[in-house]
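Coordinates in review
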Amino acid sequence: MSEAFEHHEKAHEAAHGGHSSNRRIGLMIAGLAALLAISEAAGKSAQTEALNRNVEASNLWAFFQAKTIRMTTMRTAAEEVKLQITPELPDERKAALQKQVDSWNQAAQRYDTEPETQEGRKELAARAKQAEAIRDTSLSAYHMFEYGSAAFQLAIVLASATVITGFLPLAWLSAGLGVLGTAITVIGWLAPTALHFGGH
C-alpha cells in the first residue's frame, strides 16, 4: 500500500516538474519570439536605409557626371575663344573675347568646386562616397540582423521540440542559439562591419 502511494507521489512530482519545465520553455519561446520580431524589424529598417542610400549615391554620381560634361564644355569653349585673341584684333574685341573666356573659366571652376551649395564636382563626389559608405554599413547591418533572425527561428523550433519530446538538451541548445542570435543582433547595431559572413 505504502509502495503504491510512494509511486503515485513520484509520478505526481514528475508530472508537476514537467509542467513547470514546459512553462519555463514556453516563456523562453515567448522571449525568443520577441527578439526575433526586433531583429527582423531592425533588418527591414537597415535594408530600406541601404536601398535609399544606394539611390542617393547613384543620383549624386549622375549629377557629378553632368557637372563634369558641363565643365569640360566650358573649358573647351574658353580655350577655343582664347585662340581667337590675336595682336591684330581691336582692343575692344580683345577685351570682349577675354571677358567671355574669363566668364567661362569661372563657370568651369564653379562646376568643379562650389562649397557654398555643395554641388560642385568635388563636393558631389564626397557626398556620393559618404552615401555609399552608409549604404555598405547598412547592408552589413542587414546581413547581421538576418543571421540573428535565423538563429532565433532555429532556437524557437528547438524549444518547441523540447516541449513535445521532453528532451531537455534541445532546450539548452535553443538557449545557446538565442544567446548567439542576441549577440549577432547587437553587433548589427553597434559594429555591423566587425564580422563578415558574406552577402555583398
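Residues numbered from 1 in each chain as written. Predicted model: local features only at pLDDT ≥ 70, side-chain atom pairs only at ≥ 80, totals over all residues. Heavy atoms only, no water.

Together, L35, I38, V186, W189 and L190 make up a nonpolar patch on the protein surface, roughly 500 Å² of accessible area in all. Per element, the largest residue contribution to the nonpolar patch is three residues, and it comes from helix α4 (residues 169–190). In this structure, L190 sits in helix α4. (Patch = residues over 30% accessible without salt bridge, like charges linked within 9 Å, V, L, I, M, F, W, Y side chains within 5 Å. Areas by Shrake-Rupley, 256 points an atom, 1.4 Å probe, with all protein chains shown as cover. Salt bridge = Lys/Arg side-chain N within 4 Å of Asp/Glu carboxyl O. Helix = DSSP H or I, 4+ residues; strand = E, 2+ residues; numbered from the N terminus.)

The next point concerns the side chain of R135. Position of R135 relative to the elements: it lies in helix α3 (residues 121–165). When sequence neighbours within four positions are dropped, the list of residues in contact with R135 reads A50, R53 and N54. (Contact = heavy atoms within 4.5 Å.)

Summed over all chains, the structure comprises two aromatic pairs. With centroids separated by 5.4 Å and ring planes inclined at 65°, the aromatic side chains of F145 and W189 adopt a geometry described as edge-to-face. Remark: W189 occurs in helix α4 and F145 occurs in helix α3; sequence separation between them is 44 residues. Note on F145: relative accessible area 3%, which makes it buried. (Phe/Tyr/Trp six-rings, centres within 6.5 Å; stacked < 30°, edge-to-face > 60°. Buried < 20%, exposed > 50% of the residue type's maximum accessible area, 1.4 Å probe, protein only.)

Counting eight residues, the largest nonpolar core consists of L32, L36, F152, A155, I156, L158, L170 and L177. When contributions to this core are tallied by element, the ones reaching two or more residues are α1 (2–84), α3 and α4. Beyond its immediate stretch of four places on either side in the chain, L177 contacts A151, L154, A155 and L158. (Core = buried A, V, L, I, M, F, W, Y, C linked by side-chain atoms within 4.5 Å.)

We now examine α4. Over its 22 residues, α4 extends 32 Å from the first C-alpha to the last, a length consistent with the 32 Å expected when each residue adds 1.5 Å. For α4, every residue scored as buried is listed here: L170, A171, S174, L177, G178, G181, I184, T185 and G188. Looking down the long axis of α4, one finds its buried residues gathered within 140° of arc, a one-sided arrangement. More than 90 degrees from the buried face of α4, the exposed residues found are W172, V179 and L190. (Expected span 1.5 Å × (residues − 1). Arc of directions from axis to C-beta.)

It is worth spelling out the side chain of E114 at this point. Topologically, E114 is positioned in the loop between α2 (91–112) and α3. One buried charged side chain, E114, makes no salt bridge at all; its nearest oppositely charged neighbour is K67, positioned 4.2 Å away. (Lys, Arg positive; Asp, Glu negative; His and termini not counted.)

Before going further, it helps to examine the packing of α3 against α4. Put simply, α3 and α4 touch, their axes get as near as 8 Å, and they point 165° apart. Accordingly, the angle class assigned to the pair α3 and α4 is roughly antiparallel. Note that α3 runs across α4; the crossing there is left-handed. The residue inventory of the contact of α3 with α4, partitioned by class, reads 18 nonpolar, nine polar and no charged. (Axes fitted to C-alpha atoms, helices over the stretch in contact; angles between N-to-C directions. Parallel < 35°, antiparallel > 145°, perpendicular 65-115°, else oblique. Left-handed = near helix turned anticlockwise from the far one by under 90°. Nonpolar A, V, L, I, M, F, W, Y, C, P; charged D, E, K, R; others polar.)

In the structure shown here, the tally under the stated rule is five salt bridges. One salt bridge connects E49 with R53, and the closest N-O pair in it is separated by 2.9 Å. A residue pair is termed a helical-turn pair when its members lie 3 or 4 positions apart in one helix, as E49 and R53 do in helix α1 at four residues. Of the charged contacts, one joins R121 and D112 as a salt bridge, the two residues approaching to 2.6 Å between their closest N and O atoms. The pair formed by R121 and D112 is uniform in burial state, with each residue classed as buried. One salt-bridge network, in which partners are shared between bridges, spans E49, R53 and E56.

Moving on to unusual backbone geometry. With a phi close to 60°, Q118 is a non-glycine residue in the positive phi region. With respect to the secondary-structure elements, Q118 resides in the loop between α2 and α3. Relative accessible area serves as the criterion here: at 37%, Q118 is assigned to the partly exposed category.

What follows is about the environment of K122. You can see K122 is positioned in helix α3. Separated by 58 residues in the primary sequence, K122 and F64 place their C-alpha atoms 8.3 Å from one another. Not counting chain neighbours up to four residues away, the residues in contact with K122 comprise D112 and T113.

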